[in-house]
Protein chains: 4
Amino acid sequence: MESSQRECVSVATKDVSLRELRDRLAEFAKLRGWEQYHSPRNLLLALVGEVGELSEIFQWKGEVGRGLPNWSHSDKEHLEEELSDVLLYLIQLADVCGLDLGQAALSKIVKNAKKYPILNNPTPRSFNN
Amino acid sequence: MESSQRECVSVATKDVSLRELRDRLAEFAKLRGWEQYHSPRNLLLALVGEVGELSEIFQWKGEVGRGLPNWSHSDKEHLEEELSDVLLYLIQLADVCGLDLGQAALSKIVKNAKKYPILNNPTPRSFNN
Amino acid sequence: MESSQRECVSVATKDVSLRELRDRLAEFAKLRGWEQYHSPRNLLLALVGEVGELSEIFQWKGEVGRGLPNWSHSDKEHLEEELSDVLLYLIQLADVCGLDLGQAALSKIVKNAKKYPILNNPTPRSFNN
Amino acid sequence: MESSQRECVSVATKDVSLRELRDRLAEFAKLRGWEQYHSPRNLLLALVGEVGELSEIFQWKGEVGRGLPNWSHSDKEHLEEELSDVLLYLIQLADVCGLDLGQAALSKIVKNAKKYPILNNPTPRSFNN
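Residues numbered from 1 in each chain as written. Chains lettered and ligands numbered in written order. Predicted model: local features only at pLDDT ≥ 70, side-chain atom pairs only at ≥ 80, totals over all residues. Heavy atoms only, no water.

An unreviewed UniProt entry annotates chain A as dCTP pyrophosphatase 1 of Stephania japonica. Listed in UniProt under the heading Function (unreviewed entry), the comment for chain A reads: "Hydrolyzes deoxynucleoside triphosphates (dNTPs) to the corresponding nucleoside monophosphates. Has a strong preference for dCTP and its analogs including 5-iodo-dCTP and 5-methyl-dCTP for which it may even have a higher efficiency. May protect DNA or RNA against the incorporation of these genotoxic nucleotide analogs through their catabolism." What the UniProt record of chain A gives under Subcellular location (unreviewed entry) is the line "Cytoplasm, Cytosol". (UniProt positions renumbered as here; feature names shortened; annotations may be inferred.)

## As for the interface of chain C and chain B
At the junction of the two partners, chain C supplies 21 residues and chain B supplies 21 residues. The tally of links from chain C across to chain B stands at two salt bridges. Here R41(B) ties to E63(C) by a salt bridge, and the two come within 2.6 Å at their closest N and O atoms. Top element by residues in the side of chain C that touches chain B is helix α3 (residues 40–58) of chain C. It accounts for 13 residues. (Contact = heavy atoms within 4.5 Å. Salt bridge = Lys/Arg side-chain N within 4 Å of Asp/Glu carboxyl O. Helix = DSSP H or I, 4+ residues; strand = E, 2+ residues; numbered from the N terminus.)

## A few points about the pattern of salt bridges
Residue and element names in this part refer to chain A. For the coordinates displayed, the defined rule picks out 32 salt bridges over all chains. For the salt bridge of E20 with R24, the shortest nitrogen-to-oxygen distance reads 3.3 Å. Here the residue E20 and the residue R24 both occupy positions in helix α2 (residues 18–32), the gap between them amounting to four residues, near one helical turn. Relative accessible area serves as the criterion here: at 18%, E20 is assigned to the buried category. (Buried < 20%, exposed > 50% of the residue type's maximum accessible area, 1.4 Å probe, protein only.)

## Brief notes about the relation of the copies chain D and chain C
The relation between the two chain copies is a rotation about an axis coupled with a shift along that axis. Least-squares fitting of chain D to chain C yields an RMSD of 0.0 Å, with the transformation described by 0.0 Å of translation along the axis and a rotation of 180 degrees. When the rotation and shift are considered jointly, the pair of chain copies conforms to a two-fold rotation axis. Nearest to the rotation axis, the C-alpha of S17(D) is located 1.9 Å from it, this being the minimum over chain D. Mapped onto chain C, 100% of the interface residues of chain D are again interface residues, and the two copies thus contact each other with one and the same surface. (Least-squares fit on C-alpha atoms with pLDDT ≥ 70 in both.)

Below is the structure:
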């Protein structure tokens, strides 16, 4: 744990990759004997639970501006934690499904670029339409 | 679009970072004039929409094994796309909130390591408890 | 099917109860041989899928006023359908779990009334806190 | 509050209607000055938060059988509360949107009956397809 803390400090300024997070999470689960619980649907429901936590942060706030004007430091820290929880379960879900999330994301961006050519779109359309 | 396709091919085998995806998505939205629609709550609801699409893939399947045994190639491709859509909106949400998702995720892993010391946990506990 | 349509017309102006919907849905599933697929987690994921569809209706709209000012009739019909889909899966989930959703909801309102006594609360608090 | 408790006891065995719950919730919010916070998107995000709480109950359980075999009484009570929270926010969301959830649900069942005629469907299909 000490070492992982030092490690985190040491990487605090470098770019973070999806595979690095995937590998850290796989080791985290293995060391705790949690792999047996990490079935795709268990992880998916855990992800949904975290999306709920994320939504609770925003639920009574009305519209929120870019950059979170007037949010306290602790509110922003809480948001960082919930965003992270969603990401960590998403990465683990992709991993137990045997999929490369980073490559899939790059491919999806290219697919979206073809689907939404650059012109004056009046409104955005959901990427899954 | 052509260039982004070539770029994607060129990076197809390298590790993908959260900042790279963030920057590509920011450029994607800027080139299409979509930034005006990317408020935190709009992106959050778009994320929830994609989590719904992801859940629909698993909804009638009963328990699913690690590695998705017996899933067709096209089912796996569909899953890759929905996992990607969730990731892409999550990254954009963090970005418009002015937060560094990768650093936040590393910090959360360290925090979780402190919260769940390595011993024989009988069952996993949700990271947000 | 014809009969159920006539039945619906006949009840079109009366109050609708949760048990009536539960019983109609149970018959609906039984007549189609769908009970075998209606496990709690399958229905929960189907519910999450519908919540995603519901969120997609609101995702690019920014703040929306009470009564949906300026929404078209077809947008309101679409919203009615998605709200219904969430309700129908929620009722079926409670049913396969052997729980009485209506009684549970009444009890929760009473519990909330105790938890949030009537005074000038500055902001609402999530009922699950 | 006392009166509402007595009222709940008095209705404990009768069927519960959606309009009754809608009216109780509207009064509940009005008495606490919460109406100002009950915009459609605030309530939608609160609903998503409750769906997350509901999912957390199921997230590490693997497949769960109909009737929740081997669940403790307290686990079932917890589930009743989370199912209720989802229902209560769904009813309030429909209400602030000016929609009649019960009539919409009956209409959706009829529409689904037309969409899925009675025959041996090999697998269920999501009602929103």
